[in-house]
Amino acid sequence: MEPAGYVRAVVARWVWAAAAGTSGVLLGATVGLLSPTAYQADVTLYVDAALIAEEQDPSSAAEVRTTVLPSVARLTTSATVLDAVADGLDLDEPAASLAADLDVVRDKRASVLHLSATRATPAEATDLVLAVGEEVSRQSGLLFAGTDGPMLTVTVVGDAAGALPASRSASTLAALGLVAGVGAAALAAGVAELISPRVRGRGGVARLTTAPVLALLPRHLSAPDRRPAWVARLLGTAPQRADELARVRMALGPATAEDAGRRIAVVGTRGVPTSLAADLATPGLEVVAAPDPQAVPSTGVDGVLVVVDGRGTGTSELRATLDAVDAAGLPLAGVVVDGLLPPGAGRRALLRAGSRAEATWLVDGRSRPSGGRAARIVPRAIAALAVAAVGFTQPLPMGLSAGFLAAVALLPLWLPVIRRYRGLTLLFVLAGIGLVSGVLLAWAHADDHAFALHEAVVRGTAVLGAVGGIGLLVWARGLLSVPVLGTVFGLAMLATELSEMSGPENLWKFQLSSPLMVMGMALAARRGNPLVTVGALGVLGLLNIVNDARSAFGFCAVAAALVLWQQRPGRDRPVRRSRQLLMLPLIGVLGAAAYSLMTQLMLAGTLGSEIQQRTATQIAQSGSLLLGGRPEWTATWALMHEHPFGFGLGIVPNSTDVQVASQGLEVLNIPTAENYLRNYMLDGGVQLHSIVADLWSGIGPAGILLGLAMGALVLLGLADRLGRREASGLVCLLVPMALWALPFGPMASNVDTLTLALGLLLVARRPRAAEDPATGPTGPARSALVAA
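Heads up: these notes are all about the structure in this document. (Residues numbered from 1 in each chain as written. Predicted model: local features only at pLDDT ≥ 70, side-chain atom pairs only at ≥ 80, totals over all residues. Heavy atoms only, no water.)

### Focus: helix α30 (residues 691–699)
Just so we agree on the cut-off: Only protein chains enter the accessibility calculation, which uses a 1.4 Å probe; a residue is then buried when its area is under 20% of its type maximum, exposed when over 50%, and partly exposed in between. Strands here mean DSSP runs of E at least two residues long; helices mean DSSP runs of H or I at least four residues long; both are numbered from the N terminus. Should any heavy atoms of two residues lie within 4.5 Å, those residues are counted as being in contact. Residues adjacent in sequence count toward polar contacts only when both atoms are side-chain atoms; beyond that, a polar contact is any pair of N or O atoms within 3.5 Å, and within protein one must be able to donate a hydrogen and the other to accept it.
Most of α30 sits inside the fold, with nine of its nine residues counted as buried. Taken residue by residue, α30 has Ile691, Val692, Ala693, Asp694, Leu695, Trp696, Ser697, Gly698 and Ile699 as its buried positions. Looking at the buried side of α30, the elements it contacts are α18 (424–444), α19 (453–477), α27 (632–642), α31 (701–723), α32 (729–744) and α33 (747–761). At the N-terminal boundary of α30, the capping side chain belongs to serine 690, with an oxygen 3.4 Å from the backbone nitrogen of valine 692. Just beyond α30, the residue with positive phi is glycine 700, at close to 80°.

### Re the sheet that holds strand β12 (residues 332–340)
Strand pairs in the sheet, formed through backbone hydrogen bonds, run parallel or antiparallel to each other. We count it as follows: Strands are labelled as partners when DSSP assigns at least two bridges between them. Whenever a helix is involved, its axis is fitted only over the stretch in contact; in every case the axis is a line through C-alpha atoms, and angles between N-to-C directions fall within 0 to 180 degrees.
An order of β8-β12-β11-β9-β10 is seen for the five strands of this open sheet, with the pairing classed as parallel. Edge positions in the open sheet fall to β8 (213–218) and β10 (285–290), since each of these has one partner strand only. Shown here is a sheet whose adjacent strand axes are inclined to one another by a mean of 25°, direction ignored. Bridge analysis of β8 against β12 gives five bridges, and the strand direction is parallel. Each bridged residue has a counterpart across the sheet, and for alanine 215 the counterpart in β12 is valine 336. Packing of helix α10 (residues 241–252) onto the sheet brings it into contact with β8, β9 (262–268), β10, β11 (303–309) and β12, and relative to β8 it is tilted by some 160°. Relative to the sheet, helix α12 (residues 315–328) contacts β9, β11 and β12, its axis offset from that of β11 by approximately 170°.

### Points about the nonpolar core
For soluble globular proteins, the rule of thumb is that nonpolar side chains tend to be buried together. The condition is simple: We call a set of buried Ala, Val, Leu, Ile, Met, Phe, Trp, Tyr and Cys residues a nonpolar core when their side-chain atoms join them within 4.5 Å.
Membership of the largest hydrophobic core comes to 86 residues, with the highest contact counts inside it found for Leu427, Leu472, Leu706, Leu733 and Leu758. Ignoring any residue separated from it by four or fewer positions in sequence, one finds leucine 706 in contact with Leu427, Leu430, Ala431, Val463, Leu695 and Ile699. Counting 28 residues, the second largest nonpolar core, distinct from the first, contains Leu82, Val85, Leu102 and Leu128.

### Focus: the pattern of salt bridges
Pairing between side chains of opposite charge can happen when the charged atoms of each approach one another. For clarity, the cut-off: Any Lys or Arg side-chain nitrogen found within 4 Å of a carboxyl oxygen on Asp or Glu counts as a salt bridge.
For the coordinates displayed, the defined rule picks out 17 salt bridges. Measuring nitrogen to oxygen at the nearest pair gives 3.0 Å for the salt bridge that ties glutamate 193 to arginine 13. With glutamate 193 in helix α7 (residues 170–195) and arginine 13 in the loop between α1 (3–12) and α2 (14–34), this pair connects stretches of sequence that are 180 residues apart. Classification of arginine 13 by relative accessible area gives buried; the value is 5%. Residue aspartate 309 pairs with arginine 311 through a salt bridge whose shortest N-O separation is 3.2 Å. For arginine 311, a relative accessible area of 46% corresponds to the partly exposed category. Each of Arg13, Glu193, Arg200 and Asp364 takes part in a single network of salt bridges with overlapping partners.

Shown next, in the form of structure tokens:
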């Protein structure tokens, strides 16, 4: 489906959007009016070092952000603090009830906690949040006490705005309901058109045949047009039916007065067009109605006029009629679309047409077959915006993502491409099974684990956004070149990183490296020169190694090797599947060699003394560079033994899970592993620093299968490109990035590159062999258009 067809499908079913939008407004307003009023007050807690004796002190800047700040955050909702607050405010509420009214958010950019309290009145909210802040400040000094006084200072700063309404107003909820209702109706209209496409105008006919559309016939109105004059001027009027019939007679009749009369058979897609045949009959033009093309005699007929009923003819019905005309060997004189509702129709007719997607002159009467400048620019612009949405992974309100919303909104556009690419259907099936499994696992763990709805929504939409983003990207591949697609995606990645910049430490490694590598390779792909690509990879690799980005340097080295491998001498030969599969062992050997070479270079000090020292320390502690650099897998393996089917969506690990994971990390002898486990990996959720492991924890064994399928498809796509020597520098870079992210990269920050890699590497299925144009269903009149 094209974007213009999507828009026409929605407009043709405008009653759906009106009804859904009205229902959304009423539902949102009702919820807003019936919801109890609540107020939220905020304070900011600035946690800073008071005394610093050495770098390992708990009050040092690094320790405050990594160790102390999470402890202070947990202290705000502890029973010790809240019991004291309840006594001070004379509240007859348990600590658990007060904790439910508090929300604590750690700032990523500084050692700051944002504390908010939600209560029934502004005064209660303000008193509670200030009391909690002061009590946290007092107990923090006692908890981190030193010989010369408190080692920390916790400063409480109240919000000057005071307590504000926490619940959304009825008008806001009504507006959200309107947007949600209209959006759902538009999506339903697009899917309905995709399942059962209609023929309502010239564009629908042109997609099936090159035969001329002789006329669009408006319906005959029994009542006169009673619209005001200004409305008629604004919306226009349909031509008179008699004038359109006269044009059809002129097109079908004899060319000159001396020519003999002509005999035309009229065949309808729905029913026998007897009345239209009578309206077209005129001296010199005999028009006969036939129930189907088989009933038309093969001799004595100068042509067949196919009549499309604009009130409900589907594409399949018109195709079947045209195929029958071709099979009978009858000349096709043209097509007429009958029954378009004119602008001056009554309200009842307009409502019926808007609910049944019937053809109207206002929407379909002025449409023309696509092919103009706007028809080429608009789809590309939509594709570019969709690519940017997939690349922008900054979390949105309610746990949603831009890629997920774009995939849902444009579902009718990219859904048909799923079956055209190998493996894409498998990814959707595994994702669907996994989400069902994740819900069931969360229900099974609900008895002894806490549940975080927001985390469940974030993980679920991340899975849907990833597979939907792959569908969007393969659709966009047909409209955008690889350089344009990669550049837009890289800019969106850069916008994501800049919007969540966490601080000045190693800006290149943590924020700029991945986006700029993607953009650099996309721009190099435009030149198509391997020397330029390798040179750009060399510059990026140098920047990575200077900024301690060891894995990113390895990605550039592997990509450069793949680019150079395609320049080996040899003649071009047809690419066979067996030759493509032979590339897989080569890729494995290349990866193992790159890992071994990188390890030796780092240990030898070739890449710098700091990298040499850190590499040697990680190997000495854990016995392996991989385990030393990515110790999360030992904890993950221990958790897999305890919970072989995963945790489920939104499940918060309990103390037993933390203990199990801690025992798994003990074998590595890493001093900071315990702090990392409690303050990152299992802090309010499960973050295992691996896409495959995160998928397992959220959606169970189906998540592991989904991750393995993604990795296999990346390898098969690369083998296909290498076999044809068409792997661009961008593709060669994305492959090691994706294959590394699957076992060793956090899902939240690496799913974008994995999605881009799959979107560019999925292999299209081979088209079916073309049928005989003389006898097949394409027919002589439509073979060229259908083939295109």
